[in-house]
Amino acid sequence: MVNIAVLVSGGGTNLQALIDAEKSRIIKSGKIKLVISNNYDAYALERAKNNKIKTSIISKKECVDQNQFESKIIEELKNNKIDLIVLAGFMCILSENFTKIYDHRIINVHPSLIPSFCGEGYYGLKVHECALQKGVKVTGATVHFVNEIPDGGEIIMQKAVKILDNDTPKTLQKRVMRLAEWKILPMSVEKVSKEIESEGK
Ligand code: GAR
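Computed from a predicted structure; not experimentally measured.

Q: How would you summarise the nonpolar core if you had to cite specific residues and measurements?
A: Ranked by internal contacts, the top residues of the largest apolar core, which has 36 residues, are V6, L84, V86, I107, L185 and V189. Of the residues forming this core, the biggest block, eight residues, is contributed by helix α6 (residues 169–198). Non-local contacts of L185, meaning those with residues more than four positions away in its chain, are made with N14, L18, V86, A88, I107, V109 and V143. Core analysis: the second largest hydrophobic core is formed by 20 residues, C63, I82, I85 and F98 among them.

Q: I'd like a rundown of the site of the ligand, residues and numbers included.
A: Residues in close proximity to the ligand total 14 residues, the closest being G12, T13, N14, G124 and E181. E181 is positioned such that a nitrogen or oxygen atom in its side chain is 2.7 Å from an oxygen atom of the ligand. Protein contacts shield 93% of the accessible area of the ligand, which totals 450 Å² for the unbound molecule. Elements represented by at least two residues in the shell around the ligand include exactly α1 (13–23), β5 (106–110) and α6. Partitioning the shell around the ligand into residue classes produces six nonpolar, seven polar and one charged.

Calculation rules
The residue count restarts for each chain, going from 1 along the sequence in the order it is written. Per-residue local features are limited, in this predicted model, to residues with pLDDT of at least 70; the limit for side-chain atom pairs, both in listing and counting, is 80 or more; totals at the level of whole chains, interfaces and linings are taken over all residues. To get the side-chain values, take all heavy atoms of the structure and skip hydrogens and water. For this analysis, a nonpolar core means a set of buried residues of the types Ala, Val, Leu, Ile, Met, Phe, Trp, Tyr and Cys, connected via side-chain atoms within 4.5 Å. Exposure classes here rest on a 1.4 Å probe applied to the protein chains alone. A residue is buried below 20% of its type maximum, exposed above 50%, and partly exposed in between. Runs of E in the DSSP output that reach at least two residues are strands. Runs of H or I that reach at least four are helices, and both are numbered from the N terminus. Here, residues are in contact when the closest pair of their heavy atoms is within 4.5 Å. Any residue with a heavy atom lying within 4 Å of a molecule or strand is counted as near it. Here a polar contact is taken to be a pair of N or O atoms separated by no more than 3.5 Å, where protein atoms must pair a possible hydrogen donor with a possible acceptor and residues adjacent in sequence count only if both atoms sit in side chains. Here the Shrake-Rupley method, with its probe set to 1.4 Å, supplies the accessible areas, and only the displayed protein chains count as covering residues. As a working rule, the residues Ala, Val, Leu, Ile, Met, Phe, Trp, Tyr, Cys and Pro are called nonpolar, Asp, Glu, Lys and Arg charged, and the rest polar, with Gly in that last group.

In structure tokens, the structure reads:
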């Protein structure tokens, strides 16, 4: 069984999709052992507690620099023997110092079809605002491995979602989550967990 940590910053609907997927055995090769938030107020923490998952808060603001922030996260991951890290709405960029330790062991969900509307500065609602502004007719979500380039790692899964004439950034965000993110994130977590398991970790 692969030990999974989920890193969050906000509402945690993707975390909820992972918890539900574990219950329904869509995820059966891994187990969510830990939820780390960089934000004390993240509702994702409540979702973890409601499901008796251990939580930890590591605030970037309380660290002297990025290096200390990342060291604290790494320490927590090691203490909990984490094999796979899932960024589920985690709004902090991780440096190469971090990503090289966990090569092909960190996955992220991004709310667009990479390489569109991605990279530094593209997160949350902003991504959907830009997609609507550009007038694209199709958007979607991408799950990818995380490397030193923001949203630049190897793609694991993508799902397209049609844009409707009357979409606002909020309606689009909600539909991309429901039709794409909440589906491909759990599927990707199972796929990667199974691969890690078959490698004997
Ligand atoms: C999700 O749409 C996720 O794809 C996005 O933030 C939202 C978090 O929602 N992530 C990024 O934009 C990362 N670049 P959630 O907290 O309800 O899962």
